[in-house]
Amino acid sequence: MKSNQSRRNFLRLSALSAGFAITHPLSALSVHDTWNKKRGKPQKVLILGAGMAGMSAALELIKLGHEVIILEGQSRAGGRIRTLREPFPEGLYADMGAARIPEDHEWTMKYIKEYDLQLQLFNPVEGDYIHLMKGKRIRYNSQSPASLDNYPVNLTSEELNMGWTGISTAPFQELVAKLGDPKAMDWPPQSISGYDAYSLKEFLKQSGYSSEIADLLMIGWETKLGMDMSILEVMRELSLSFGAPRYKIVGGNDLLPTRMAGALSDHIQYGSKVLSIEQSENDVVVHVSKNEQNKKFTADRVICTFPLPVIKKMEFMKTLSREKQRAINELTYWDLSRTVIQVSDRYWKKDNLNGFAATDRPMEIWDPNYELDSKRGLIAAYAKNDDSQLMDGWSDKERLDFASGQVNKAFPGLMDHFEGGFTKCWKEDPWALGAHSIGTRNQMTDLLPHLIKQEGRIYFAGEHASAYHGWIQGAIESGNRAAKEINSLE
Ligand SMILES: Cc1cc2nc3c(=O)[nH]c(=O)nc-3n(C[C@H](O)[C@H](O)[C@H](O)COP(=O)(O)OP(=O)(O)OC[C@H]3O[C@@H](n4cnc5c(N)ncnc54)[C@H](O)[C@@H]3O)c2cc1C
Ligand SMILES: NC(=O)Cc1c[nH]c2ccccc12
């Protein structure tokens, strides 16, 4: 694996991230932390959820000799990492949840290495990419972005002259200098908290730039809701997750949770739907429905890793502090859906296209198996927020028609090769009820501190309880943090 600037893709936000050559001290829990050398007081721990947060916490606690049971409602581990292989022919597969792993996500890389998995670049180096904006198709490639003149946006001549690197760095320089350590659990510092009220568009406008710069920087993501991201969340995302090349696991990203679950097979109770949690001074009791029977588990400590929309619906919400309830109720979850379409021929290749596009709908499109030689292939259409919401209540056929229409705009000719497909809407997944957390305006200063706070004997982990909203890295880091806290009990 080699960090190579020329290989960086220009799919989205790339020019902006290229300007972020800042390094941060690892003030949050770091992979280099040696806390797990010594065991604290032995604890009986129940972990709720066998996603990346729950399983990483379990692995660390078990290594130390604590007694651990994981309660998982589904019959599989991995939660929001899910690879679809059936019924695709010829070894084709597609990730329906987490897709890209940035090279500098050190927690994710640590476990990938530990479980002996191979990586390959998520984005192809070869072939042309497409940007689709206001109906205009713009081609570019991994070596050079397209000139800004090609894009149908209203920029001043000064902004046009600045080029991609200029528009993606100049407006942010002053704020970058004040960022501090975005990994820190008490981030953002007081000195920049006022920025939390601004979205990216508003921030650009008040800094004297055209707000349409945001349309360029967020192509593939630009939506009413996406645009409502706090500028502080945007800055944190850019500094922690958008600079480095991205990878995928050869064979499918779910190989990571599958291997971790293999190592934890004696500890995971599948098909165990958690109904309620009660704590007293001496213990915590978790009520579970398994095979249509109610069961009760008692422990010293609980780590709850459920996504917030799931917790919101549980009775135990009412037993939490007011601040915690407000954080759980209010933190925004993005609505994301992925449609995978099978084609008899990867017809785009004939025109030297690589099957990757980003549109202003907003949607991203990619060939999840670009590295395979097969003529037959898949193409994934990733609908965000407004477009994902549009599909609410639609039939599978309507969703497939919609996604196919969008793919056809980026890569005309789809229907000549169309063989079928599937859509996964994360909001409809009963174990997630949304895709992932994201800090929208005013949430970064107001809600974040309450998300990670323990309540009595209950600890909270999961991507939402981390500096990496919407990333595997955040889930793992938060799981390790909860494990460390429990191990440090006297
Ligand atoms: C569409 C999409 C795209 C993404 N893209 C990326 C990406 O490119 N790169 C990246 O790094 N990350 C990405 N992510 C984010 C990544 O998938 C998550 O951050 C991470 O997998 C979350 O792990 P977790 O352990 O916090 O939660 P989860 O994986 O949700 O684990 C929670 C577990 O709890 C279980 N559960 C829920 N309710 C109950 C209950 N009542 N009883 C028992 N069990 C229950 C669930 O079944 C699940 O297994 C994406 C996510 C989505 C949805
Ligand atoms: N869900 C993703 O693909 C990655 C992601 C996490 N947080 C983000 C914020 C902005 C854009 C993408 C992301």
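This structure is a prediction, so every number in the text was calculated from the model and none was measured. (Residues numbered from 1 in each chain as written. Chains lettered and ligands numbered in written order. Predicted model: local features only at pLDDT ≥ 70, side-chain atom pairs only at ≥ 80, totals over all residues. Heavy atoms only, no water.)

Enquirer: Mind showing me how you'd approach the packing of helix α3 (residues 106-114) against helix α16 (residues 472-487) here?
Expert: Helix packing geometry: the angle between the two helix axes and the distance between the axes. Remark: α3 packs on α16, axes separated minimally by 7 Å, with the N-to-C direction vectors making an angle of 85°. Compared by their axis directions, α3 and α16 come out roughly perpendicular. Counted together, E106, W107, T108 and Y111 of α3 and I472, Q473, I476, E477 and N480 of α16 form the full contact between these two elements. Residue composition of the contact of α3 with α16, by class: four nonpolar, three polar and two charged. (Axes fitted to C-alpha atoms, helices over the stretch in contact; angles between N-to-C directions. Helix = DSSP H or I, 4+ residues; strand = E, 2+ residues; numbered from the N terminus. Parallel < 35°, antiparallel > 145°, perpendicular 65-115°, else oblique. Contact = heavy atoms within 4.5 Å. Nonpolar A, V, L, I, M, F, W, Y, C, P; charged D, E, K, R; others polar.)

Enquirer: I'm lost on the environment of I311 in this one. Help?
Expert: Assignment of secondary structure puts I311 in helix α10 (residues 308-312). Take I311: its relative accessible area is 0%, and that puts it in the buried class. Remark: the alpha-carbon pair of I311 and S404, spanning 93 residues in sequence, is separated by 35 Å. If we skip the residues at most four places from it in the chain, I311 touches C304, F306, F316, M317, I328 and F460. (Buried < 20%, exposed > 50% of the residue type's maximum accessible area, 1.4 Å probe, protein only.)

Enquirer: Sorry, what's going on with the site of ligand 2 here?
Expert: With respect to spatial proximity, the complete set of residues near ligand 2 consists of R100, W221, M229, E237, F242, W334, Y382, H436, I438, H469, G470 and W471. At 3.2 Å from a nitrogen atom of ligand 2 is found a side-chain nitrogen or oxygen belonging to E237. Measuring from a nitrogen atom of ligand 2, one finds a side-chain N or O atom of H436 at 2.8 Å. Notes on ligand 2: free accessible area 330 Å², of which the protein chains cover 93%. Classifying every residue of the shell around ligand 2 gives seven nonpolar, three polar and two charged. Inspection of the shell around ligand 2 shows a minimum of three residues originating in each of domain 1 (5-24 + 153-246) and domain 2 (35-79 + 253-333 + 434-487). (Near = heavy atom within 4 Å. Polar contact = N/O pair within 3.5 Å; in protein donor to acceptor, adjacent residues only side chain to side chain. Areas by Shrake-Rupley, 256 points an atom, 1.4 Å probe, with all protein chains shown as cover. Domains from an automatic or database assignment.)

Enquirer: I would appreciate a short explanation of the UniProt feature "binding site: substrate" (unreviewed entry) in the chain in the present structure.
Expert: Those residues carrying the UniProt feature "binding site: substrate" (unreviewed entry) are R100 and Y382 in this numbering. Maximum C-alpha separation among the annotated residues is 12.8 Å over a sequence range of 283 residues, consistent with a single clustered spot. Here R100 lies in the loop between β4 (94-95) and β5 (101-102). For R100, a relative accessible area of 10% puts it in the buried group. (UniProt positions renumbered as here; feature names shortened; annotations may be inferred.)

Enquirer: How do you make sense of the sheet that holds strand β19 (residues 377-384) when you look at a structure like this?
Expert: Strand pairing in a sheet relies on backbone hydrogen bonds. The paired strands run either parallel or antiparallel. An order of β8-β7-β17-β18-β19-β16-β20 is seen for the seven strands of this open sheet, with the pairing classed as mixed. Every interior strand has two partners, whereas the edge strands, β8 (136-141) and β20 (418-425), have only one. On average, each strand axis in the sheet is tilted by 20° relative to the strand beside it, whichever way the strands run. Pairing between strand β16 (residues 336-343) and β20: seven bridges, direction antiparallel. Opposite V340, over in β20, you have F422 as the bridge partner. Contacts from helix α13 (residues 396-410) reach β7 (128-133), β8, β16, β17 (353-359), β18 (363-366), β19 and β20 within the one sheet, and its direction differs from that of β20 by about 115°. (Pairing = 2+ DSSP bridges.)

Enquirer: Just checking my understanding: could you explain helix α4 (residues 157-169) for this structure?
Expert: Taking 1.5 Å as the rise per residue, α4 with 13 residues should run 18 Å; its terminal C-alpha atoms sit 17 Å apart, in good agreement. Its axis deflected by about 115° at G163, α4 carries its strongest bend there. Every buried residue of α4 is accounted for by E159, W164, G166, I167, S168 and T169. (Expected span 1.5 Å × (residues − 1). Bend = angle between axes of the 7 residues up to and from the residue.)

Enquirer: Sorry, what's going on with the confidence of the model for the chain here?
Expert: Segments scoring low in pLDDT should not have their predicted coordinates read at a detailed level. Overall, the predicted model of the chain reaches an average pLDDT of 91, with 92% of residues at or above 70. Taken as a whole, residues 1-27 scores under 50 in pLDDT and shows 77 contacts with residues more than four places along the chain or in a different chain. Here the predicted complex carries an ipTM of 0.99, next to a pTM of 0.94. (pLDDT = per-residue confidence, 0-100.)

Enquirer: Help me out: how do you make sense of helix α11 (residues 322-330) in this one?
Expert: Each α-helix winds once per 3.6 residues, and so residues spaced three or four apart point in a common direction. Turning to α11, its buried residues are K324, A327 and I328. Burial along α11 is one-sided: seen end-on, the buried residues are contained in an arc of 95°. Tucked inside the fold, the buried residues of α11 contact α10, α15 (448-451) and β22 (458-460). (Arc of directions from axis to C-beta.)

Enquirer: Even after reading the chapter, I still don't get the side chain of E364, so can you show me in this structure?
Expert: As for its position among the elements, E364 is in strand β18. In this structure the side chain of E364 is engaged in a polar contact, spanning 3.5 Å, whose partner is the side chain of W221.

Enquirer: I would appreciate a short explanation of the domain arrangement of the chain in the present structure.
Expert: When the parts come together, some accessible area is lost, and that loss is often what is quoted as the size of the interface. Looking at the assigned domains, one finds that the chain contains domain 1 (5-24 + 153-246) and domain 2 (35-79 + 253-333 + 434-487). Counting from both sides, the interface comprises 23 residues of domain 1 and, opposite them, 20 residues of domain 2. When domain 1 packs against domain 2, the two sides together hide about 1700 Å² of surface, and 57% of this comes from carbon and sulfur. The tally of links from domain 1 across to domain 2 stands at two salt bridges. (Buried area = accessible area lost by both parts, 1.4 Å probe. Salt bridge = Lys/Arg side-chain N within 4 Å of Asp/Glu carboxyl O.)

Enquirer: Could you clarify how one ought to interpret the site of ligand 1 in this entry?
Expert: Taken together, 36 residues lie around ligand 1, and E72, Q74, R80, R100 and V274 are the ones closest in. One nitrogen or oxygen atom from the main chain of R100 is found 2.7 Å from a nitrogen atom belonging to ligand 1. One nitrogen or oxygen atom from the main chain of I472 is found 2.9 Å from an oxygen atom belonging to ligand 1. About the coverage of ligand 1: the protein hides 98% of its 1000 Å² of free accessible area. Within the residue set of the shell around ligand 1, elements represented by two or more residues are α2 (52-63), β11 (272-279), β16 and α16. By residue number, the principal contributor to the shell around ligand 1 is β11, which donates three residues.

Enquirer: Would you mind showing me how to read the side chain of D345 here?
Expert: Residue placement: D345 occurs in the loop between β16 and β17. What makes D345 buried here is its relative accessible area of 11%. Side chain to side chain, D345 and K350 meet in a polar contact 2.5 Å long. In this view, D345 contacts K350, K375, R376 and H417; residues no more than four positions away in its chain are not counted.

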